[in-house]
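If you want the building blocks of each chain, they are given just below.
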Amino acid sequence: MANLVYKRVSTDQQSTARQDLVLAEAGIEDPVVFEEDPGTSSRLHPLQRPKFGELLTYARPGDTAHISEMFRLVRGTGHILDVLDVLHRDQVALRIHDGAFSAMDLTARHPRTGELLSTVKFMVQTLAAAGELQRDLQRELTYDGLRAAEAKGSKGGRRPAVAAAKTDDVRTAYLEGRSIAALARDHRVSRGAIRTAVADLLPKHTAIEEDVPAPELPVTLDIPGKVADYLRTTELEPAERAALDQGTTVRRGQGYTLRVSAVPAVHRQLLARCQPFDGAQGVPVVPAQRKARREYENRVNTLAP
């Protein structure tokens, strides 16, 4: 029986050190460690992460997977239940060494149906929802802080390479005929930094092109809740993330849809992100998710190319 340790390195060094300390204090005998690459997004479904996939491939019935805390592996309720189902299928035990889930027996299942006990499932969903709420609140507070900073005139981002005190000198020299290359050498910055400082002074070249296609207009489509939940935990481009964040929730019975307005290209990109719903290597197909994706696909296919 092997002890398999899954680790996900965080950008927060203190958090990573705490993870290592918890696992070291657990006294795991002869561990086989699977450490996720730091570049792997935490929003990626656990069953799609390379190192966790390797752990599942390596595991044999009777082995135990060790994690410092549950949220090192999962981010949402659906992810937790998916992972528990796969571990149960492969007869691999799960041991969590810190946090609320460490006090629970996540392997307790009904002797006849083989499903998670209702009390265990309820606690898993409740604790996962609480953790998800905490992350959403942190994100909302971050956005509020950014908006407040913008209202005060702070643009955020990196500081310009050309200091504000030198910008006037750079602009004056440029107007007097100094080249961008010479100014870059004088101030020991890149040519791009000089172009940024004198952007409004650069000659504007305008050209009227024939047969230029008209810009795409936003289209409003309803994204099924299961698709929206998955997309929120996926690494997205800024335009895709903005479209989701600005979507409107429409309740439908026990579920919901997210009404999103975006150009057709963004809708097609969001649809492409959901390809794993149709099944991928090491990822089980969930019929409800596949059905939800196809509903969204049918709506996207009605858009003009």
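Residues numbered from 1 in each chain as written. Predicted model: local features only at pLDDT ≥ 70, side-chain atom pairs only at ≥ 80, totals over all residues. Heavy atoms only, no water.

Our next topic: the packing of helix 10 (residues 264–273) against helix 11 (residues 287–301). Running from N to C, helix 10 and helix 11 cross one another at 155°; their axes reach a closest spacing of 10 Å. Judged by the inter-axis angle, helix 10 sits roughly antiparallel to helix 11. Where helix 10 crosses over helix 11, the handedness of that crossing is left-handed. In this structure, helix 10 contributes His267, Arg268, Leu270 and Leu271 to the contact, and helix 11 contributes Arg293, Tyr296, Glu297 and Val300. Taken together, the residues that form the contact of helix 10 with helix 11 break down as four nonpolar, one polar and three charged. (Axes fitted to C-alpha atoms, helices over the stretch in contact; angles between N-to-C directions. Helix = DSSP H or I, 4+ residues; strand = E, 2+ residues; numbered from the N terminus. Parallel < 35°, antiparallel > 145°, perpendicular 65-115°, else oblique. Left-handed = near helix turned anticlockwise from the far one by under 90°. Contact = heavy atoms within 4.5 Å. Nonpolar A, V, L, I, M, F, W, Y, C, P; charged D, E, K, R; others polar.)

Spatially, 5-7-6 is the arrangement adopted by the three strands of the open sheet, whose pairing is antiparallel. Only two strands of the sheet have a single partner each, and these edge strands are strand 5 (219–224) and strand 6 (248–252). Between one strand axis and the next, the sheet turns through 30° on average, direction left out of account. Strand direction decides the pairing type here: strand 5 and strand 7 (residues 255–262), joined by six bridges, are antiparallel. Its bridge partner lying in strand 7, Ile223 is registered against Leu258. Here helix 9 (residues 238–245) sits on the sheet and contacts strand 5 and strand 7; the angle it forms with strand 7, its principal contact strand, is near 130°. (Pairing = 2+ DSSP bridges.)

Before going further, it helps to examine the confidence of the model for the chain. A residue-level look at the chain finds 84% of positions with pLDDT of 70 or above and a mean pLDDT of 80. Low pLDDT, under 50, characterises residues 205–210; the predicted model gives this stretch zero contacts beyond four residues in sequence or across chains. (pLDDT = per-residue confidence, 0-100.)

Any two packed helices are characterised by the angle at which their axes cross and by the distance between the axes. Taken N-terminus to C-terminus, the directions of helix 5 (residues 164–175) and helix 6 (residues 180–187) make an angle of 150°; their axes are 10 Å apart at the nearest point. For the element pair helix 5 / helix 6, the angle class is roughly antiparallel. Of the two elements, helix 5 crosses helix 6, and the hand of that crossing is right-handed. For the pair helix 5 and helix 6, the contacting residues are Lys166, Val170, Ala173 and Tyr174 in the first and Ile180, Leu183 and His187 in the second. Taken together, the residues of the contact of helix 5 with helix 6 sort by class into five nonpolar, one polar and one charged.

Unlike most non-glycine residues, Asp30 shows phi in positive territory, near 45°. Among the structural elements, Asp30 can be located in the loop between helix 1 (13–25) and strand 2 (31–36).

The next subject is the sheet that holds strand 1 (residues 3–8). Pairing is parallel across the open sheet formed by four strands, whose spatial order is 2-1-3-4. Two strands in the sheet have a free side with no partner beyond their single neighbour: strand 2 and strand 4 (93–96). The average undirected angle you get between the axes of adjacent strands in this sheet is 25°. Looking at chain direction, strand 1 and strand 3 (residues 64–67) are connected through three bridges and run parallel. Within the sheet, the bridge partner assigned to Val5 lies in strand 3 and is His66.

The sheet contact formed by strand 6 and strand 7 spans five bridges and is antiparallel. Across the sheet, residue Thr248 finds its bridge partner in strand 7, namely Arg259.

Within the sequence span of helix 10, burial applies to Pro264, Val266, His267, Leu270 and Leu271. Projected down its long axis, helix 10 shows its buried positions confined to an angular sector of 160°, all on one face. (Buried < 20%, exposed > 50% of the residue type's maximum accessible area, 1.4 Å probe, protein only. Arc of directions from axis to C-beta.)

Bringing the environment of Leu87 into the picture now. Along the polypeptide, Leu87 turns up in helix 3 (residues 77–89). With a relative accessible area of 3%, Leu87 lands in the buried category. Along the backbone, Leu87 and Pro61 are 26 residues apart, and their C-alpha atoms lie at a distance of 9.4 Å. Those residues in contact with Leu87 that sit more than four places away from it in its chain are Leu56, Val92 and Leu94.

For the rest of this paragraph, the subject is the nonpolar core. Within the largest apolar cluster, 26 residues are counted, with the highest numbers of intra-cluster contacts made by Phe52, Leu55, Met70, Leu94 and Leu106. Elements supplying a minimum of two residues to this core: strand 1, helix 2 (50–58), strand 3, helix 3, strand 4 and helix 4 (118–151). Here the element with the most residues in this core is helix 3; it accounts for six residues. Listed in part, the 22 residues of the second largest apolar core include Leu258, Val260, Leu270 and Ala292. (Core = buried A, V, L, I, M, F, W, Y, C linked by side-chain atoms within 4.5 Å.)

Another aspect to go through is the side chain of His97. You can see His97 is positioned in the loop between strand 4 and helix 4. In terms of polar contacts, His97 uses its side chain to reach the side chain of His66, at 2.9 Å. Beyond its immediate chain neighbours, meaning those up to four positions away, His97 contacts Val22, Leu23, Ala26, Ile28, His66, Ile67, Ser68 and Ser102. (Polar contact = N/O pair within 3.5 Å; in protein donor to acceptor, adjacent residues only side chain to side chain.)

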